[in-house]
Amino acid sequence: MAKDDVPEVVRNKRVILRDYVTGFPKESDMHISFSTMILKIPENHKRVVLVKNLYLSCDPYMRLRMRNDQDPEFTPFTPGSPITRFRVAQVLDSTHLGFKEGDFVWGTTGWEEYSFIARPERLFKIRHTDFPLSYYARILGMPGMTACAGFYEVCSPKRGEYVFVSAASGAVGQLVGQLAKLEGCYVVGSAGSSEKVQLLKERFGFDDAFNYKDEHDLEATLKRYFPEGIDIYFENVGGKMLDAVLINIRVRGRVAVCGMISQYNLDQPQGTKNLMCLVYRRIRMEGFVVFDFCHLYSEFLHKMLPLIRDERITYMEDIAEGLVNAPAALIGIFSGNNIGKKIVRVAPE
Ligand code: NAP
């Protein structure tokens, strides 16, 4: 926009958290509101960026921020304000030297159509625009980084090892399974429907997969799929699945604790019975957070871009249209409604 143009004033649609949430989240825990926004950074605002949001990412972790948790690692959302999470956006105006009008970026922002970014140094500039921009909300963004960091940095995989991935059709799991196959591992995934099980085997190349909802004895199920035991467990769900894995894990096995989605809507988390296995089987169980690996982002791109270009890795996304459908999209992931990464398209590219 030329300096003497009159800045455009828009109605900025936003997704607001009504109040802290207990139990299973509902669409009505959020509502859509509008604010007025001038699409120009005021003269006295230095080093800030104004963006138009294009895609928002629905992440299970957002549920943890809907509760009034006192743990300093979980900054809760503020009731009455937009919820926040990753998105892909286009820069409309910038007073930060690192960004200019027209740049595409990904990073954290409010769930709204337009956002001021007060700390743009936390944004990642999108340099490979030959890929669809939505990729930066999924395979080339946070979920992709999570899969790579968790699998390579935490699991330390070796060729021929037995790998189990839970929530395997989700944003992170589908990629972990494919990376494990590329490393020459034997991979089994669990998911919550026969359609997803078929997808894991036929599209993502898992060696085998099962529907955990059809299994009444998960310990026996895992024994059936891993008669030799499990070397690596990529943990996405927690609860009963973790207990069943611990019984089936081999000596010096590794558990990368990425998340525990089965616990996020419980007021009282379930306990884990089989932790003694960690001791006598010398198991390393390690939690990790993707933000600790941001410094590896260019290395990550260097690895992933050729794999995607050569179609050695595939990825599924599940797009909801428009910010009004964002609350339903978000809560749907806790019922397994998504097949692949759930994204909200806020505006056309
Ligand atoms: P996603 O794409 O949103 O998929 C979530 C899937 O989890 C759902 O589709 C559903 O599939 C399954 N699920 C939901 N409720 C469940 C339950 N009660 N028991 C078992 N499965 C359930 O998820 P994602 O983005 O891949 O995230 C996977 C995990 O990684 C989550 O725990 C998340 O918090 C964690 N995560 C961690 C980091 C980190 O930095 N550590 C970063 C990103 C994500 P089914 O149909 O199979 O049930």
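Residues numbered from 1 in each chain as written. Predicted model: local features only at pLDDT ≥ 70, side-chain atom pairs only at ≥ 80, totals over all residues. Heavy atoms only, no water.

By the naming in an unreviewed UniProt entry, the protein chain goes by 2-alkenal reductase (NADP(+)-dependent) and is assigned to Theobroma cacao.

Overview of the overall build of the protein chain
Applied cut-off: We count a stretch as a helix when DSSP gives it H or I for four or more residues in a row; a strand needs E for two or more, and each element gets its number in order from the N terminus. Relative accessibility decides the category of a residue: with a 1.4 Å probe and only protein chains considered, values under 20% of the type maximum give buried, values over 50% give exposed, and everything between is partly exposed. Surface accessibility in these figures is a Shrake-Rupley result with a 1.4 Å probe; residues are shielded only by whichever protein chains are displayed. A positive count includes Lys and Arg, and a negative count includes Asp and Glu. His and the chain ends are not counted in either. In this description, the location of a charge corresponds to atom NZ of lysine, CZ of arginine, CG of aspartate or CD of glutamate.
When its secondary structure is counted, the protein chain shows nine helices and 15 strands. Overall, the C-alpha framework of the protein chain stretches about 70 × 45 × 35 Å when taken along its three principal axes. Split into buried and exposed, the 349 residues of the protein chain put 54% on the buried side. As displayed, the protein chain has an accessible area near 16,100 Å², and 50% of this comes from carbon and sulfur atoms. Here the protein chain contributes 44 positive and 43 negative side-chain charges, whose respective centroids are spaced 2 Å apart.

Topic: the site of the ligand
Formally: If even one non-hydrogen atom of a residue comes within 4 Å of a molecule or strand, that residue is called near it. We call two N or O atoms a polar contact when they sit within 3.5 Å, provided that within protein one can donate a hydrogen and the other can accept it, with sequence-adjacent residues counted only if both atoms are side-chain atoms. Asp, Glu, Lys and Arg are counted as charged, while Ala, Val, Leu, Ile, Met, Phe, Trp, Tyr, Cys and Pro are counted as nonpolar; the rest, among them Gly, fall into the polar class. Just so you know, the domain bounds were taken from an automatic or database domain assignment.
The local shell around the ligand holds 26 residues, among which Ala171, Lys196, Tyr212, Tyr264 and Asn338 are the closest. The backbone of alanine 171 places a nitrogen or oxygen atom 2.7 Å from an oxygen atom of the ligand. One of the backbone N or O atoms of glycine 192 is found 2.8 Å from an oxygen atom in the ligand. Taking 930 Å² as the accessible area of the ligand by itself, protein coverage stands at 91%. Considering only residue class, the shell around the ligand consists of 17 nonpolar, eight polar and one charged. Viewed by domain, the shell around the ligand spans two of them, domain 1 (3–137 + 317–345) and domain 2 (143–291), each represented by three or more residues.

What to know about the side chain of asparagine 53
Looking at the element boundaries, asparagine 53 is found in strand β3 (residues 49–57). Engagement of the side chain of asparagine 53 in a polar contact is seen with the backbone oxygen of glutamate 112, the distance being 2.7 Å.

Some thoughts on the pattern of salt bridges
The criterion, for reference: Note on definitions: salt bridges are taken to be side-chain nitrogens of Lys or Arg within 4 Å of carboxyl oxygens of Asp or Glu.
Scanning the model with the defined rule gives 20 salt bridges in all. For lysine 341, the salt bridge is made with aspartate 59, and the minimal N-O distance between the two is 2.4 Å. In this pair, lysine 341 sits in strand β15 (residues 341–345) while aspartate 59 sits in the loop between β3 and α1 (61–64), placing the two residues 282 residues apart along the sequence. Neither lysine 341 nor aspartate 59 differs from the other in exposure class; each is buried. In this structure, the salt-bridge partner of lysine 100 is aspartate 103, at a minimum N-O distance of 3.1 Å. A cluster of three or more residues bridged by salt bridges with shared partners is formed by Asp59, Arg85 and Lys341.

Some thoughts on helix α6 (residues 240–248)
Since there are 3.6 residues in each turn of an α-helix, residues three or four apart along the chain are aligned in direction. Among the nine residues that make up α6, seven are buried, leaving the element largely enclosed by the rest of the structure. Every buried residue belonging to α6 is among Met241, Leu242, Asp243, Ala244, Val245, Leu246 and Asn248, and all of these are buried.

Re the packing of aromatic side chains
Rules: Centre distance within 6.5 Å is the pairing criterion for rings of Phe, Tyr and Trp, where only the six-membered ring of Trp is used; planes under 30 degrees apart are then read as stacked, over 60 as edge-to-face, and the remainder as tilted. Consider the ring centre and the ring normal. A charge sits over the ring if Lys NZ or Arg CZ is within 6 Å of that centre and within 35 degrees of that normal.
Going through the model one piece at a time under the given rule, you end up with 16 aromatic pairs. A connected cluster of aromatic rings, assembled from ring pairs, spans Tyr162, Phe164, Tyr186, Phe210, Tyr225, Phe226 and Tyr233. Above the plane of the ring of phenylalanine 34 lies arginine 11, whose end atom (NZ or CZ) is 3.9 Å from the centre. If you follow lysine 125 out to its NZ or CZ, it ends over the ring of phenylalanine 99, 5.8 Å from the centre.

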